[in-house]
Amino acid sequence: MAKAFVIDVALCSGCYCCQVACKDEHCGNDWSPYAKPQPDTGQFWLKICEKPDGTIPKVRVTYTPKLCNHCERPACIAACGKEAIKKRDDGLVLIDPEICTGCGKCMDACPYESIYKNEDSKLCQKCTGCAHLLDSGYNEPRCTEVCPTGAFQFGDESELADLIKGADVLKPETGIGPKVYYRNIPGQFIAGTLFDPIEDEIIEYARVMAVSGGKIINVLSDDFGDFWLRDLAVGAWDITITKEGYEHKHFYNLRTDECVNLGDIALDRKA
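Residues numbered from 1 in each chain as written. Predicted model: local features only at pLDDT ≥ 70, side-chain atom pairs only at ≥ 80, totals over all residues. Heavy atoms only, no water.

**Some points on the overall build of the chain**
Each helix and strand in the chain was counted, giving six helices and 17 strands. Each of the 271 residues in the chain was classed as buried or not, and the buried ones make up 46%. Considering only residue pairs separated by 6 or more positions, the chain has 57% of its internal contacts joining residues 24 or more positions apart. Here the chain has roughly 14,000 Å² of accessible surface; of this, 50% comes from carbon and sulfur atoms. Mean positive and mean negative side-chain charge positions of the chain (30 and 42 charges, respectively) differ by 5 Å. (Helix = DSSP H or I, 4+ residues; strand = E, 2+ residues; numbered from the N terminus. Buried < 20%, exposed > 50% of the residue type's maximum accessible area, 1.4 Å probe, protein only. Contact = heavy atoms within 4.5 Å. Areas by Shrake-Rupley, 256 points an atom, 1.4 Å probe, with all protein chains shown as cover. Lys, Arg positive; Asp, Glu negative; His and termini not counted. Charge placed at Lys NZ, Arg CZ, Asp CG, Glu CD.)

If you want it as structure tokens, here you go:
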């Protein structure tokens, strides 16, 4: 039965437990024939990638664990001229340290940049899914075992079907069938703070409408005058802000290639 990982980005708090556990399990430990020791530095078979968006004070940080995707049709296997990389019956993809010569062709072929060169051992190395533990009776690898929020899960793909439904994979255009699925990857945002320049007070419960093509999103400013238009697609958005007793405010053709903080926005009272 094919194994898979499911990562809920919305639940990941960036605690780094999974990354540390991977290091603890593989640095200094020889798990041959599954893998030689991971170097203390320079390699992250599992890596937490931090992505800050926006500008102060409208800032969001997203944490995304990244690892070998143990693909259905691994590009690394096709690239290896020594047949050192094999896909197990459970779907985990392993590099045989006894056969690998460290030529690096698999590194160049991997679209996820999840394979590393060990210059000292003359080997290419990566996540093994802790296959040595699974074959010893463990139910999951160290990374998912230590996750305190339940953001990181591992198991048979069929058992995770409900979580996989609607999830995304990274770089789907490669067509190689990655088996690491991501839930709740956030879209872009447009945010700001509304205030009355005469009263020098924030403005609560103003309606903020974003329009892009046929897509319309409405939110209200909160008790602090803040509004957040979340999970927007990349593109051009028109923003209209309305509040009884105030002139309408418009922003046209705002691009969301990056998240947008409009800062403090003054609404003028109607005459």
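**Looking at the nonpolar core**
F5, L46, L67 and F152 are the most contacted members of the largest nonpolar core, which has 25 residues in total. Secondary structure elements with two or more residues in this core: β1 (3–8), α1 (17–26), β2 (46–55), β3 (58–67), α4 (131–134), β8 (152–156) and β9 (180–183). Once residues lying within four places of it in the same chain are set aside, the contact partners of L67 are F5, I7, W45, L46, S114, C127, F152 and V180. Core analysis: the next-biggest nonpolar cluster, separate from the first, contains 20 residues, L194, I217, F227 and I265 among them. (Core = buried A, V, L, I, M, F, W, Y, C linked by side-chain atoms within 4.5 Å.)

**Some details on unusual backbone geometry**
Cis geometry is found at the peptide bond from S32 to P33, where omega equals 10 degrees. For P33, the location among the structural elements is in the loop between α1 and β2. In this chain, I56 is followed by P57 through a cis amide linkage whose omega measures 5 degrees. Tracing the backbone shows P57 in the loop between β2 and β3.

**A look at the domain arrangement of the chain**
Buried accessible area, meaning the area lost when the parts come together, often serves as the stated size of an interface. When cut into domains, the chain gives domain 1 (3–183) and domain 2 (188–266). The distance between the C-alpha centroids of domain 1 and domain 2 comes to 39 Å. Buried surface at the junction of domain 1 and domain 2, summed over both partners, amounts to about 670 Å²; 54% is from carbon and sulfur atoms. Our count for the contact surface shared by domain 1 and domain 2 stands at one salt bridge. The salt bridge involving D226 is made with K58; its shortest N-O contact spans 3.2 Å. (Domains from an automatic or database assignment. Buried area = accessible area lost by both parts, 1.4 Å probe. Salt bridge = Lys/Arg side-chain N within 4 Å of Asp/Glu carboxyl O.)

**Quick look at α1**
The element α1 is largely enclosed, with a buried count of seven among its ten residues. Among the residues of α1, C18, Q19, A21, C22, K23, E25 and H26 are the ones counted as buried. If you follow the buried residues of α1, they end up packed against β2, α4, α5 (142–145) and β8. Downstream of α1 by a residue or two, G28 has a phi angle that is positive, lying close to 80 degrees.

**Some points on the environment of L11**
With respect to the helices and strands, the residue L11 is situated in the loop between β1 and α1. Judged by relative accessible area, L11 falls into the partly exposed class, the value being 40%. For the pair L11 and F152, spaced 141 residues apart in sequence, the C-alpha separation works out to 8.6 Å. The contact partners of L11, leaving out residues within four places of it in the chain, are T149, G150 and A151.

**Considering the sheet that holds β9**
Across the sheet, which stays open at both edges, the three strands sit in the order β8-β1-β9 with mixed pairing between neighbours. The strands lining the two open edges of the sheet, one partner per strand, are β8 and β9. When the angles between neighbouring strand axes are averaged without regard to direction, this sheet yields 25 degrees. Bridge count for β1 against β9 is four bridges, and the pairing is parallel. Bridge pairing links V6 to Y181 in β9. (Pairing = 2+ DSSP bridges. Axes fitted to C-alpha atoms, helices over the stretch in contact; angles between N-to-C directions.)

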